[in-house]
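# Analysis of the macromolecular model
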Amino acid sequence: MSIKLIVGLGNPGKQYEKTRHNAGFWLLDDVANHLGVSFKLESGFFGEVAKVMIQSHPVFLLKPTTFMNRSGQSVRALSQFYKISPEAILVVHDELDLPPGEVKLKKGGGHAGHNGLKDIQAQLGTPNFWRLRLGIGHPRTLGMAQQVFDYVLSPPRKEDQNEIQAMIDKSYWAIEKIVLEQFDEANRILREK
């Protein structure tokens, strides 16, 4: 089943714009720029929406404006309205367990404490959607939840930002293959250095 909805996770507002937790927004902005479209606030879908054509496939781009821990409200509203099944949804999100610049595609699985994924799973009633996991690294000192919270809500260091930007650049080309259900080719692009 081809992808009909790509959701980028992040937090709305200027104070969060450059934070690691907004990596999903960064990638969707990059996709929109490549395809020459703009996002429009759609209050009924609790987010910013753009409709694009990727190799003649119509795809919605969605950036929830509900804050991270309520992302599922937005995803459910749009997917129910357009009758998009979870298997046709790709969620693009920041991933602590991958180093900056590494990106992985997977279908289903747990939420690993990511509040955006957790809420989407709860709202859709299933974990069986695709995820594009954008590596942002992990705070050097392990342990306290507050350290993770502060880390994801702060901007990356310059060298990490360069790695993350390179990852976003190549992820655009992988998304095209994902929409076309060419998953092996998408994974080959994502593995390239």
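Only a predicted model underlies this, so the values are computations on that prediction, with no experimental measurement involved.

Where helix α2 (residues 71-81) meets helix α3 (residues 115-124), the closest approach of the two axes is 7 Å, and the angle between their N-to-C directions is 40°. Between α2 and α3, the interaxial angle falls into the category oblique. Read as a crossing pair, α2 and α3 show a hand that is right-handed. Counted together, Ser 71, Gly 72, Gln 73, Val 75, Arg 76 and Ser 79 of α2 and Gly 116, Asp 119, Ile 120, Gln 123 and Leu 124 of α3 form the full contact between these two elements. Residue composition of the contact of α2 with α3, by class: 3 nonpolar, 6 polar and 2 charged.

Between its first and last C-alpha atoms helix α1 (residues 23-35) spans 19 Å; for 13 residues at 1.5 Å apiece the expected length is 18 Å, and the two agree. Looking at the buried side of α1, the elements it contacts are β1 (5-8), β4 (57-64), β5 (89-95), β7 (130-135) and α5 (158-179). Phi for Gly 36, located one or two positions after α1, is positive at around 70°.

This part is about the nonpolar core. One finds Ile 6, Leu 61, Leu 90, Leu 132 and Ile 175 to be the most contacted residues of the largest nonpolar core, which totals 35 residues. Ranked by residues supplied to this core, first place goes to α5 with 8 residues. Apart from residues no more than four positions distant in its own chain, Ile 175 is found in contact with Ile 6, Leu 27, Val 31, Ile 54, Leu 90 and Leu 132.

Using the criterion set out here, one finds 10 salt bridges in the structure. Where Glu 159 meets Arg 157, a salt bridge forms, and the shortest distance between an N and an O atom there is 3.2 Å. With a relative accessible area of 39%, Arg 157 lands in the partly exposed category. Several salt bridges share partner residues, and in doing so they unite Asp 29, Glu 48 and Lys 63 into one network.

A word on the UniProt feature "site: Discriminates between blocked and unblocked aminoacyl-tRNA" (unreviewed entry) in the protein. Feature annotation in UniProt places "site: Discriminates between blocked and unblocked aminoacyl-tRNA" (unreviewed entry) on Asn 11, given in this structure's numbering. Classification of Asn 11 as buried rests on a relative accessible area of 7%. Ignoring any residue separated from it by four or fewer positions in sequence, one finds Asn 11 in contact with Tyr 16, His 21, Asn 22, Phe 25, Phe 67, Met 68 and Leu 153.

One open sheet accounts for 7 strands, arranged β2-β3-β4-β1-β5-β7-β6; its pairing is mixed. Edge positions in the sheet fall to β2 (40-42) and β6 (103-107), since each of these pairs with one other strand and no more. On average, each strand axis in the sheet is tilted by 25° relative to the strand beside it, whichever way the strands run. Across 3 bridges, β2 lies against strand β3 (residues 47-54) in antiparallel orientation. Bridging across to β3, Lys 40 finds its partner in Val 49. Each of β5 and β7 is contacted by α3, which is oriented at about 155° to β5, the strand it contacts most. Each of β1, β3, β4, β5, β6 and β7 is contacted by α5, which is oriented at about 165° to β7, the strand it contacts most.

Let us now look at the UniProt feature "binding site: tRNA" (unreviewed entry) in the protein. Sites flagged by UniProt as "binding site: tRNA" (unreviewed entry) map to Tyr 16, Phe 67, Asn 69 and Asn 115. Locating Phe 67 in the fold gives a position in the loop between β4 and α2. Setting aside chain neighbours within four positions, we find Phe 67 in contact with Gly 10, Asn 11, Pro 12 and Tyr 16. Residue placement: Asn 69 occurs in the loop between β4 and α2. Setting aside residues up to four positions removed in sequence, Asn 69 forms contacts with Asn 115 and Asp 119.

The rules behind the values
- Residues numbered from 1 in each chain as written.
- Predicted model: local features only at pLDDT ≥ 70, side-chain atom pairs only at ≥ 80, totals over all residues.
- Heavy atoms only, no water.
- Axes fitted to C-alpha atoms, helices over the stretch in contact; angles between N-to-C directions.
- Helix = DSSP H or I, 4+ residues; strand = E, 2+ residues; numbered from the N terminus.
- Parallel < 35°, antiparallel > 145°, perpendicular 65-115°, else oblique.
- Left-handed = near helix turned anticlockwise from the far one by under 90°.
- Contact = heavy atoms within 4.5 Å.
- Nonpolar A, V, L, I, M, F, W, Y, C, P; charged D, E, K, R; others polar.
- Expected span 1.5 Å × (residues − 1).
- Core = buried A, V, L, I, M, F, W, Y, C linked by side-chain atoms within 4.5 Å.
- Buried < 20%, exposed > 50% of the residue type's maximum accessible area, 1.4 Å probe, protein only.
- Salt bridge = Lys/Arg side-chain N within 4 Å of Asp/Glu carboxyl O.
- UniProt positions renumbered as here; feature names shortened; annotations may be inferred.
- Pairing = 2+ DSSP bridges.

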